[in-house]
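Inside the fold
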Amino acid sequence: MDYYDFRNRLNSQSSSSSPHPMASLYPKIGHPPPPRNNATASPSSGMGIRVTLKPEFRITPPPQMSPHIGEIPRSTFQFDFELERKILAEAEKENPNWSNLGLENLPRETAKPISRANSSASVDPVVGKYTATGLNRDAVSIAVAKYGDNPIKVREFVSGYMVLREMGFEANRVAEALFTHDNDKEAAAHFLTTSSY
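If you're wondering where the values come from, they're calculated on a predicted model, not measured in any experiment.

**Some points on the overall build of the chain**
The number of helices and strands found in the chain is eight helices and zero strands. Listing every helix and strand of the chain by position from the N terminus yields α-α-α-α-α-α-α-α. Of all 197 residues assigned to the chain, the portion counted as buried reaches 14%. In the chain, 19% of the contacts between residues at least 6 apart in sequence involve partners at least 24 apart. Here the chain has roughly 17000 Å² of accessible surface; of this, 57% comes from carbon and sulfur atoms.

**Re the packing of aromatic side chains**
As enumerated under the stated definition, the model contains five aromatic pairs in all. Ring geometry for Phe77 against Phe79: centres 6.4 Å apart, planes inclined by 55°, an arrangement best described as tilted. A relative accessible area of 63% means that Phe77 is categorised as exposed. Classification of Phe79 by relative accessible area gives partly exposed; the value is 40%. On the basis of an interplanar angle of 65° and a centroid distance of 4.9 Å, the ring pair of Phe79 and Phe81 is categorised as edge-to-face. Given the relative accessible area of 51%, Phe81 is considered exposed. Cluster of aromatic residues (ring-pair linked, three or more members): Tyr147, Phe157, Tyr161 and Phe179.

**Here's the deal with the nonpolar core**
Residues Phe157, Leu164, Val174 and Leu178 are the most contacted members of the largest nonpolar core, which totals 20 residues. Where this core is concerned, the elements lending two or more residues are α4 (125–131), α5 (137–147), α6 (151–166), α7 (171–180) and α8 (185–194). The contacts of Val174, once residues within four sequence positions are left out, are Tyr161, Leu164, Arg165, Phe169 and Leu192.

**Some words on the packing of α7 against α8**
At a closest axis distance of 8 Å, the pairing of α7 and α8 adopts a crossing angle of 125°. With respect to α8, the element α7 is oriented oblique. The crossing of α7 and α8 is right-handed. Of the residues in α8, those in contact with Arg173, Val174, Glu176, Ala177 and Leu178 of α7 are Lys185, Ala188, Phe191 and Leu192.

**A short note on the confidence of the model for the chain**
Confidence along the chain averages 75 in pLDDT terms, with 61% of residues attaining 70 or more. Between the elements of the chain, mean pLDDT differs from a low of 49, seen in helix α3 (residues 116–122), to a high of 92, seen in α6. Across residues 114–121 the pLDDT falls below 50, and counting only partners more than four positions away or on other chains, this stretch makes zero contacts in the model.

Criteria and cut-off values
Residues numbered from 1 in each chain as written. Predicted model: local features only at pLDDT ≥ 70, side-chain atom pairs only at ≥ 80, totals over all residues. Heavy atoms only, no water. Helix = DSSP H or I, 4+ residues; strand = E, 2+ residues; numbered from the N terminus. Buried < 20%, exposed > 50% of the residue type's maximum accessible area, 1.4 Å probe, protein only. Contact = heavy atoms within 4.5 Å. Areas by Shrake-Rupley, 256 points an atom, 1.4 Å probe, with all protein chains shown as cover. Phe/Tyr/Trp six-rings, centres within 6.5 Å; stacked < 30°, edge-to-face > 60°. Core = buried A, V, L, I, M, F, W, Y, C linked by side-chain atoms within 4.5 Å. Axes fitted to C-alpha atoms, helices over the stretch in contact; angles between N-to-C directions. Parallel < 35°, antiparallel > 145°, perpendicular 65-115°, else oblique. Left-handed = near helix turned anticlockwise from the far one by under 90°. pLDDT = per-residue confidence, 0-100.

Structure representation (structure tokens):
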């Protein structure tokens, strides 16, 4: 007796005497599956799996794109792959000869050096001394214009200026309030919040 016959014989024996009520749910080998009757199946019959997602895990559909957005312009840049191959091949040589690539004829964009002489000439050396210590350039410029090279007054002003600017007050009003109240941050803040300027 071969294996196939043995299996068929076992299935025919088990189908006639089904010891377990769930045995009818499993497919029988060698027999076509029984036709399903969808009319008799109901959601409350207990067949299948019902899944419910919590609201915090539900995903909303993506927003619709505005139809007013037209075609996005594409880049017209053309990369020269042949030149790249030549450069890589030349670089692998023991003694590369760059002149035979014809790179002299390519247009070159040279970066213009930043002129430090012009920018440093317009900066006040007193302001530069305070900004070199990490103080804000705008605040130092205002303080030096008012107090000159007075380190205590300049630092007090810059400290109050930065705090009040971070609170959202305008630069001119902050400077005026600090000058009026001799760099007192609290008095200047009170002045700025109560004045209807």
